[in-house]
Amino acid sequence: MTPSSVSELQAWLLGARHVDDGGVSLMADLVERMRAHGLPLWRASFSLMTRHPELVWRSVQWTQAEGVQTIDRNRAMLDEPFFQRSPIALLRRGAPPIRVRLQGGPLPFPICEDLRAQGGTDYFAQGLPASNGEISYLSWATQDPVGFSSAALAALTALSPYLAQRIELASAYHGTRALLDVYLGRNAGQRVVDGGFRRGSGELIEAAIWFCDLRGFTALSDERSPQDVVRTLDEYFDCVVGAVMHAGGEVLKFIGDAILAIFPVAGDAPAACRRALAAAEGALAALGRVNAGRAACNEPPLAIGVALHLGQVMYGNIGAKDRLDFTVISSSVNEACRLEALCKTLKTPLALSQAFVDASRPGGIMDLGLHILKGVRAPLRVFTLAHHAALSLSSSSQ
């Protein structure tokens, strides 16, 4: 790679338009340009730092055979032996660039053994210090018979500070989006990124509405340590949130031990309601598996009530000028909350409204009669699935 090629790539890195796709376009364009300038790349990888509570970074990898792929790395990975013995662990501690020829003799890192087994001949990894003190990384590999030339290594070294700035920019976008997704939900987070963050702004939509509550939470809080309460809540939230998101729903709010979620209709109310019902069944099944584990540890089972309703909601921002909440409000949301309270009275973990049943037409339902809900003008007819009708919740206090 010539000095003019390096200068051209440096100028591109400084001026290229950012594409907010988690580093995929950056990697694809970078590799295409570097290969066009004669760099014999076979594999490349860099990391985007994140503020996600469960993830330490996103690895963006390119291979000649498969193109660009992304892998989100869990924080637990940092303690795994494979990572501890990797060049990336050294670079994160401030080590200088690492170059390993992969042809012949013992190799210092497991990743190098893997690359040699796949036909790699040379490996070069660089730490990329960010302005906040964090260190990302960038690695390159080739299958060229002579490996990386001295000119290629010099070019990679000259490009590294430009790449550090570019990857830090991509990390900032990625980290912001990750935080918004975790704390607001993916759809709400996308709306905020797209500019839907003004107070009072919102959209009237139709949605299947989910509201659920953990039974016996007050007693649990009184009898257990705060650490144990948090652990129990996390078990319960994992069951519910995983089921809702898997079915295409959006969790909007944790209200103590209660969860509010929606399944937007988007022109197909029966499909939205069926997704919500599948999520309810999935959450209850997941909770059953958790309870089997709790029984093995002589811990009391967890019980929940889930209400599913259908109606219009105002979806958007409410709050004070310095503290907003992205949520849904409407009389339908209030009705769903009141409907969930009947689960305890009716001794069922699942309560369905008339509107929800009319839209979803589930099989095997049982009519539980008309009920007056606090704060709701008209009585509401309540249904459940027959196989839940006789289930008694393990605790009726909260």
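Here the structure is shown first, and the text comes after it.
Residues numbered from 1 in each chain as written. Predicted model: local features only at pLDDT ≥ 70, side-chain atom pairs only at ≥ 80, totals over all residues. Heavy atoms only, no water.

Draft legend 1. Spotlight on the side chain of serine 59. Along the chain, serine 59 turns up in strand β2 (residues 55-63). In this structure the side chain of serine 59 is engaged in a polar contact, spanning 3.4 Å, whose partner is the side chain of tyrosine 137. For serine 59, the contacting residues outside a window of four places in its chain are Phe46, Gln69, Thr70, Ile71, Arg73 and Tyr137. (Helix = DSSP H or I, 4+ residues; strand = E, 2+ residues; numbered from the N terminus. Polar contact = N/O pair within 3.5 Å; in protein donor to acceptor, adjacent residues only side chain to side chain. Contact = heavy atoms within 4.5 Å.)

Draft legend 2. A look at the sheet that holds strand β1 (residues 43-49). Pairing is antiparallel in the open sheet, where six strands are placed in the order β3-β2-β1-β6-β5-β4. Looking along the sheet, the strands with just one partner apiece sit at the ends: β3 (67-74) and β4 (98-101). The sheet shows a mean angle of 15 degrees between the axes of neighbouring strands, taken without regard to direction. Direction of pairing for β1 relative to strand β6 (residues 135-142): antiparallel, over a ladder of four bridges. For arginine 43, the partnering residue across the bridge sits in β6 and is alanine 141. Contacting β1, β2, β3 and β6, helix α2 (residues 24-36) crosses the sheet at an angle of about 35 degrees to β2. (Pairing = 2+ DSSP bridges. Axes fitted to C-alpha atoms, helices over the stretch in contact; angles between N-to-C directions.)

Draft legend 3. A look at the packing of helix α1 (residues 3-15) against α2. It is the contact of α1 with α2, at a shortest axis distance of 11 Å, that shows an interaxial angle of 165 degrees. Our classification of the angle between α1 and α2 gives roughly antiparallel. Our pair here, α1 against α2, has a crossing hand that is right-handed. Where α1 approaches α2, its residues Leu9, Trp12 and Leu13 are matched on the opposing element by Leu26, Asp29, Leu30, Arg33 and Met34. For the contact of α1 with α2, a count of residues per class yields six nonpolar, no polar and two charged. (Parallel < 35°, antiparallel > 145°, perpendicular 65-115°, else oblique. Left-handed = near helix turned anticlockwise from the far one by under 90°. Nonpolar A, V, L, I, M, F, W, Y, C, P; charged D, E, K, R; others polar.)

Draft legend 4. Structural detail: unusual backbone geometry. In the Ramachandran plot, asparagine 298 falls in the positive-phi region, its phi being about 60 degrees despite a non-glycine side chain. The residue asparagine 298 is located in the loop between α10 (269-296) and β10 (304-320) in this model. Given a relative accessible area of 73%, asparagine 298 falls into the exposed group. The phi angle at arginine 361 is positive, at roughly 50 degrees, despite the residue not being glycine. (Buried < 20%, exposed > 50% of the residue type's maximum accessible area, 1.4 Å probe, protein only.)

Draft legend 5. Structural view of α10. Taking 1.5 Å per residue, 28 residues should reach 40 Å; α10 reaches 41 Å between its end C-alpha atoms and fits that length. Two or three places before alanine 271, at the opening of α10, aspartate 268 has a side-chain oxygen 3.2 Å from that residue's backbone nitrogen. Of the residues one or two after α10, asparagine 298 is the one with positive phi, at around 60 degrees. (Expected span 1.5 Å × (residues − 1).)

Draft legend 6. Representation of the nonpolar core within the structure. Core analysis: the biggest nonpolar cluster contains 45 residues, and Trp210, Tyr236, Val240, Ile259, Phe263, Leu308 and Leu352 have the highest contact counts within it. At 12 residues, α10 tops the list of elements feeding residues into this core. Ignoring sequence-local partners within four residues, the contact set of valine 240 consists of Trp210, Cys212, Ile259, Ala283 and Ile304. Listed in part, the 31 residues of the second largest apolar core include Leu128, Trp140, Leu159 and Ile167. (Core = buried A, V, L, I, M, F, W, Y, C linked by side-chain atoms within 4.5 Å.)

Draft legend 7. Spatial organisation of the pattern of salt bridges. Enumeration according to the criterion identifies 14 salt bridges in this entry. Among the ionic pairs, arginine 224 bridges to aspartate 228, the shortest N-O distance being 2.5 Å. Under the relative-accessibility criterion, arginine 224 is labelled partly exposed at 26%. Aspartate 228 sits in the buried class, given a relative accessible area of 13%. Close ionic contact of arginine 294 with glutamate 235 constitutes a salt bridge, the shortest N to O distance being 3.1 Å. Note that arginine 294 is positioned in helix α10 and glutamate 235 in helix α9 (residues 226-246), a separation of 59 residues in sequence. Because the salt bridges share partners, they merge into one network encompassing Arg224, Asp228, Arg231, Glu235, Arg294 and Glu299. (Salt bridge = Lys/Arg side-chain N within 4 Å of Asp/Glu carboxyl O.)

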